[in-house]
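What follows is the residue order along each chain.
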Amino acid sequence: MKTYGDKVEKKMKQKRYRALCVLLSTLLLASGTLTGCGSGQASGVSKETQTEDSAKKSSSNKSTSNKEKAPEIEGLEYQKTMNLTYATEFNVFYYKGGYKLLDVKDDRQYLIVPEGKKAPKGLDGDIIVLKQPLDHIYLAATSAMALFDSIDGLDHIRMSGAQASDWYIEHAKEAMEAGDILFAGKYSEPDYEMLIKEDCDLAIESTMILHTPKVQEMIEDLDIPVFIDRSSYEGHPLGRTEWIKAYAAMLNKEDAADTFFEEQAEIIEELKDFKNTGKTVAYFFVSTDGTVVVRSSKDYIPKMIEIAGGKYIFKDLKNTESKSSSVNLSMEEFYSKAKDADYLIYNATIDNPIQSVQELTAKNELFADFKAVKNGNVWCTGKSLYQATDIVGNLITDIHLMLTDGDPSEMTFLYQVTE
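None of these values were measured; they are calculated from a predicted model.

The rules behind the values
- Residues numbered from 1 in each chain as written.
- Predicted model: local features only at pLDDT ≥ 70, side-chain atom pairs only at ≥ 80, totals over all residues.
- Heavy atoms only, no water.
- Helix = DSSP H or I, 4+ residues; strand = E, 2+ residues; numbered from the N terminus.
- Buried < 20%, exposed > 50% of the residue type's maximum accessible area, 1.4 Å probe, protein only.
- Contact = heavy atoms within 4.5 Å.
- Areas by Shrake-Rupley, 256 points an atom, 1.4 Å probe, with all protein chains shown as cover.
- Salt bridge = Lys/Arg side-chain N within 4 Å of Asp/Glu carboxyl O.
- Pairing = 2+ DSSP bridges.
- Axes fitted to C-alpha atoms, helices over the stretch in contact; angles between N-to-C directions.
- Core = buried A, V, L, I, M, F, W, Y, C linked by side-chain atoms within 4.5 Å.

(A) Main features of the overall build of the chain. Within the chain one finds 14 helices and 17 strands. Counting every position in the chain, which comprises 419 residues, the buried fraction comes to 50%. The long-range share in the chain, meaning contacts at least 24 apart out of those at least 6 apart in sequence, stands at 60%. If you sum the accessible surface of the chain, you get close to 20300 Å²; carbon and sulfur atoms cover 49% of it.

Pasting the structure below:
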């Protein structure tokens, strides 16, 4: 078996070779000829001119809905496009012979190749090949575990980026305790030797991996494809849940995903008749440096608040520095906007939960002047919320109960913070 060092050295040689090819191609283009280290055809996606091909590639890599035109792949015959209702951050295109192209908006394209078959010749080098069966997955994106569980797909996950004690999903915890799923290090410090030993065939990461690009590069240097879950960018709560269809495409479990998603959509449909109370809600947490982290106005959390019958206190708020769904505000900025909010919900999915109002005011004494604090309307989410992508409707129900003075014992994720 090749060691990690052997594989990295092999990949580095390949990279140096490609770099030499680029240099030679540049020199040849400058001299008016077009030959080089391979075919003059720049892509297997189409046989048109270089300019037209680049435009097509750019367009297909930035799909905006499930109505997007299917990319042409030389050697494959397009059949249909996956039906998506709420998700806008990915598409799945089906081709004859069981091939599928999973297109993640503003990121990458993944060609899912059926077991026993090969990727078509001349495939665009930017398209990442995923060879089925994918049954040795390293799952570092904790939000995806519930979706795999809901389509009976945990047997495809061999390694986890969280330990058994970190899981709130019972089946995931049981699988780790039984040794069916192994802890392979968190996303920023994976156990590379274990990834090799366990024949990892796919690493599923959250967008947190973008903060540690060298880790992603090292995983890919081991010839392990990396898939980045961008469900947190969805603007509708069910859009995040609909990512179950992306994972179902990897496992050939589309029917199970459709059935599950339809059930969740029906739940949300029943909640849409909640009348708006006009009450305002601030959803936030305080970071270690004292800044307050809130959600972008177009994020799925504000949409949940709206469906539940409330109003998100921050209108037209967006992250101007990146596409992140979170926005950092100074305490002064947060105070000016949220001091008169009817309700405060402390987001404990990242920070530690607060058990008392004193814990909140200890973070900043300005909280004592907030209307919601004075009226006893401070609430907190449980740590399990971020992992519960399969039951988003429950949080909407919780918020509705909060806004209408409902029974807290009926809530799944929220609890009231007392003095």
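(B) Fine view of the pattern of salt bridges. Considering all chains together, one arrives at 10 salt bridges under this definition. Put simply, Arg 108 and Glu 220 hold a salt bridge, and the shortest N to O gap is 2.7 Å. Separated by 112 residues along the polypeptide, Arg 108 in the loop between β3 (99-104) and β4 (109-113) and Glu 220 in helix α6 (residues 213-221) bring together distant segments of the chain. Taking relative accessible area as the criterion, Glu 220 reaches 24% and is therefore assigned partly exposed. Of the charged contacts, one joins Asp 299 and Arg 295 as a salt bridge, the two residues approaching to 2.8 Å between their closest N and O atoms. Its relative accessible area of 10% is what places Arg 295 among the buried residues.

(C) Main features of the sheet that holds β4. The five strands are arranged β1-β2-β3-β4-β5 in an open sheet whose pairing can be described as mixed. The sheet is open, and its two borders are formed by β1 (78-81) and β5 (127-131), each paired with just one other strand. Here the strands of the sheet are splayed against their neighbours by 25° on average, with no regard to which way each runs. Relative to β3, strand β2 (residues 90-95) runs antiparallel, the two sharing six bridges. Residue pairing in the sheet places Tyr 94 in a bridge with Lys 100 of β3.

(D) Quick peek at the side chain of Ser 287. Mapping Ser 287 onto the fold places it in the loop between β11 (280-286) and β12 (292-295). On the accessibility criterion, Ser 287 (18% relative accessible area) is buried.

(E) Layout of unusual backbone geometry. Residue Pro 133 is bonded to the preceding Gln 132 through a cis peptide linkage, with omega at 0°. Within the element layout of this structure, Pro 133 appears in the loop between β5 and β6 (137-139). Phi angles above zero are rare outside glycine, and Asp 106 is one such case at about 60°. Positionally, Asp 106 belongs in the loop between β3 and β4. Given a relative accessible area of 34%, Asp 106 falls into the partly exposed group. The backbone of Asp 199 sits at a positive phi, close to 55°, despite the residue not being glycine. Within the secondary structure layout, Asp 199 lies in the loop between α5 (192-197) and β9 (202-205). Judged by relative accessible area, Asp 199 falls into the exposed class, the value being 55%.

(F) Expanded view of the nonpolar core. Core analysis: the biggest nonpolar cluster contains 58 residues, and Phe 284, Val 294, Phe 314, Phe 334, Leu 344 and Met 402 have the highest contact counts within it. At seven residues, helix α14 (residues 392-403) tops the list of elements feeding residues into this core. Aside from chain neighbours lying at most four places away, what touches Met 402 is Val 281, Tyr 343, Ile 345, Trp 379, Met 411 and Leu 414. Val 92, Leu 139, Ala 164 and Tyr 247 belong to the second largest nonpolar core, which has 45 residues in total.

(G) Examining the pairing of strand β16 (residues 378-381) more closely. Residue alternation in β16 divides its side chains into two sets, Val 378 and Cys 380 and Trp 379 and Thr 381, and both sets are buried. By the bridge criterion, three bridges tie strand β15 (residues 343-346) to β16 in an arrangement that is parallel. Pairing of Tyr 346 across the sheet is with Cys 380, part of β16.

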